[in-house]
Amino acid sequence: MQPAPVPVPPPPDSRQLRRVALSGLLGTAVEFYDFLVYGTVAALVFGELFFPDADPAVGTIAAFGTFAAGYLARPLGGIVFGHFGDRLGRKSMLLLTMVLMGTCSFLIGLLPTYDAIGVWAPVLLVALRVVQGLAIGGEWGGAMLMVVEHAERTGGARRRRGLWSSFTQLGAPLGSMLSAGVVTIVSTLPDDEFRTWGWRVPFLLSVALLAVGLFVRLRVAESPLFTETRAQDTRQQDKPPLAEVLRRPRPLLLAGCVGIGAFTAQALLTSFMISYAVRHGYTRPQVLTAVTVASAVALFALPAASALSDRVGRRPVVLAGAVASAALAFPVLALVDSGSPGLLILALALGHGVAQSTMYGPLGALLSEMFGTRVRYTGASLGYQLATLVGAGFSPLIASSLLAAYGGSSTPLSLLLCGGAAITALTVWRLRETHADTLDALNPSATSADVPAAEGVRQ
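Residues numbered from 1 in each chain as written. Predicted model: local features only at pLDDT ≥ 70, side-chain atom pairs only at ≥ 80, totals over all residues. Heavy atoms only, no water.

With an unreviewed UniProt entry as reference, the chain is termed Putative proline/betaine transporter, source organism Streptomyces himastatinicus ATCC 53653. Of the chain, the UniProt comment under Function (unreviewed entry) reads exactly: "May be a proton symporter involved in the uptake of osmolytes such as proline and glycine betaine." What UniProt states about the chain under its Subcellular location (unreviewed entry) heading is, verbatim, "Cell membrane". (UniProt positions renumbered as here; feature names shortened; annotations may be inferred.)

## Description of the overall build of the chain
Each helix and strand counted, the chain has 22 helices and zero strands in total. Within the chain, buried positions represent 59% of all 459 residues. About 16000 Å² of surface is accessible on the chain, with carbon and sulfur atoms providing 70% of the total. (Helix = DSSP H or I, 4+ residues; strand = E, 2+ residues; numbered from the N terminus. Buried < 20%, exposed > 50% of the residue type's maximum accessible area, 1.4 Å probe, protein only. Areas by Shrake-Rupley, 256 points an atom, 1.4 Å probe, with all protein chains shown as cover.)

## What about the packing of helix H13 (residues 250-258) against helix H22 (residues 411-430)?
Orientation of H13 relative to H22, taken along the N-to-C sense of each, is 145 degrees, at an axis distance of 8 Å. The two elements H13 and H22 cross, and the hand of that crossing is left-handed. Where H13 abuts H22, its residues Arg250, Leu254, Cys257 and Val258 lie against Ile423, Thr424, Thr427, Val428 and Arg430. Class assignment of the residues belonging to the contact of H13 with H22 gives a composition of five nonpolar, two polar and two charged. (Axes fitted to C-alpha atoms, helices over the stretch in contact; angles between N-to-C directions. Left-handed = near helix turned anticlockwise from the far one by under 90°. Contact = heavy atoms within 4.5 Å. Nonpolar A, V, L, I, M, F, W, Y, C, P; charged D, E, K, R; others polar.)

## Here we look at the pattern of salt bridges
Applying the stated criterion across every chain yields a total of twelve salt bridges. What you see here is one network of salt bridges that share partners, running through Glu152, Arg161, Asp310, Arg314 and Glu369. (Salt bridge = Lys/Arg side-chain N within 4 Å of Asp/Glu carboxyl O.)

## Comments concerning the packing of aromatic side chains
For the coordinates displayed, the defined rule picks out six aromatic pairs. Judged by centre distance (6.1 Å) and plane angle (80 degrees), the ring pair of Trp199 and Phe203 falls under edge-to-face. Pair check on accessibility: Trp199 and Phe203 agree, each one buried. With 5.1 Å between their ring centres and 90 degrees between their planes, Phe263 and Tyr384 make a pair best called edge-to-face. You can see Phe263 sitting in helix H14 (residues 260-269) and its partner Tyr384 sitting in helix H20 (residues 376-393), a full 121 residues away along the chain. Across the pair, Tyr384 and Phe263 agree in class, each one buried. Cation over ring: Arg284 sits above Phe194, and NZ or CZ is 4.9 Å from the ring centre. (Phe/Tyr/Trp six-rings, centres within 6.5 Å; stacked < 30°, edge-to-face > 60°. Lys NZ or Arg CZ within 6 Å of the ring centre and 35° of its normal.)

## Let's talk about the packing of H13 against H20
For the pair H13 and H20, the least separation of the axes is 7 Å and the interaxial angle reads 40 degrees. The orientation of H13 with respect to H20, classified from their angle, is oblique. When you trace H13 past H20, the crossing you get is right-handed. Between H13 and H20, the contacting residues are Leu252, Ala255 and Gly256 on the first element and Gly379, Leu382, Gly383, Leu386 and Ala387 on the second. Of the residues contributing to the contact of H13 with H20, the split by class is five nonpolar, three polar and no charged. (Parallel < 35°, antiparallel > 145°, perpendicular 65-115°, else oblique.)

## So, the environment of Asp34
As for its position among the elements, Asp34 is in helix H1 (residues 14-50). For the pair formed by Asp34 and Leu205, sequence separation is 171 residues and the distance between their alpha carbons is 9.9 Å. The contacts of Asp34, once residues within four sequence positions are left out, are Met101, Gly102, Ser105, Arg129, Gln132 and Ser206.

## Here we look at the nonpolar core
In a soluble, globular protein the nonpolar side chains are often hidden away together inside. Within the largest apolar cluster, 59 residues are counted, with the highest numbers of intra-cluster contacts made by Tyr360, Leu367 and Tyr384. Among the elements that line this core, the one with the most residues is helix H5 (residues 120-152), at ten residues. Residues contacting Leu367, with those up to four places away along its chain left out, are Trp140, Ala255, Val258, Ala380 and Tyr384. (Core = buried A, V, L, I, M, F, W, Y, C linked by side-chain atoms within 4.5 Å.)

## Section: helix H17 (residues 314-337)
Between the first and last C-alpha of H17 there are 34 Å, a value that for 24 residues agrees with the 34 Å anticipated at 1.5 Å per step. Considering bend angle alone, the principal kink of H17 is centred on Ala329 and spans about 45 degrees; proline Pro331 follows within four residues of it. Just downstream of H17, Gly339 is the residue with a positive phi angle, here 85 degrees. (Expected span 1.5 Å × (residues − 1). Bend = angle between axes of the 7 residues up to and from the residue.)

## Some remarks on the side chain of Thr97
Note that Thr97 resides in helix H3 (residues 90-110). With a relative accessible area of 0%, Thr97 lands in the buried category.

What follows is the structure, encoded as structure tokens:
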């Protein structure tokens, strides 16, 4: 039975667009805060707390293995929440994903360690990470589409989709800065206190971000573009969105590859860099301070790159970030290996704050422009989460293994950064520029590859 038609709302005003942008910022901040708090604490103490029978190197690898488990669940979350987001609406899925993310993070903060409950400790940790990964898999796509689709219907905001989408992207450095700042504070505790209860504080504090995010998100209106499409397109319930995306998989594959460079750099220069730098003689507060400063730089570089992509296009800006990331890979690691706290800050500010942000900033608008409204939640979410899985999910695990195999040399890390940037650069070459297209130019029932007038890939 077909659902009752949804009335088409009046065009949204700029105040609603600002509210949607704030909602996207907070949601992504919660996402990155939760994930990066885990990555930071995993680098510091999870090996000994949840995998105490392993030697330190193996314990770190096991801790980052649970980090990867969360990323493995993200594409599935993108499929599940994307399906219902394309069928039922963006807003309801965003409320559900935010509750799941914050709740899982809070429960990790309450989790008993191996000494208390034995093998159940790592089992429960992995289970919470998987649920959290499912929720995060659906969060970014819905938050990004709400901003982009509201901007499409709000006055002249369509010409600034990149800039408006950057508010959702800003949640990444904001969440990173918050997580590094909180862990920096608690890491000043004596080691025994930090291992006993201090590591739990950042997870428990996530409930405050959750409360603020829900307050804002409950006041946000549904995407007008989705509502219009659902009211006008009676075929919306005929075929699952995933089936339509997979019918022509090329845009999905390109969407999954274009973000790999940004996520590889983000993972290696934030959460993994903490364990790497501490092993090279830096104190925890020194490393966390450097991550915080780099995230603060990104708060300016990211919207600048996104705004520039509205003027010159998504492709040249993302390509410039990829080239910069590859060019800086060896110098950045050399600065880290110098042992100087000042040079460590400079290294992360350049590699993460500038180069990575230049790749990452336009990514939200770019992926949103590659899929039609009927399948945009599914297509953009799945593409984004595939990029996070390959780029960020496996990078710390691979890096830990390479360091153990090659005696701590930084060369494999530099090569990983170069490899991720190369994949992004090659993928950008295959994309067609879309910053000047309207989202209406895409057939609501198709991916961008179906519509020559607004195709999302080069033919």
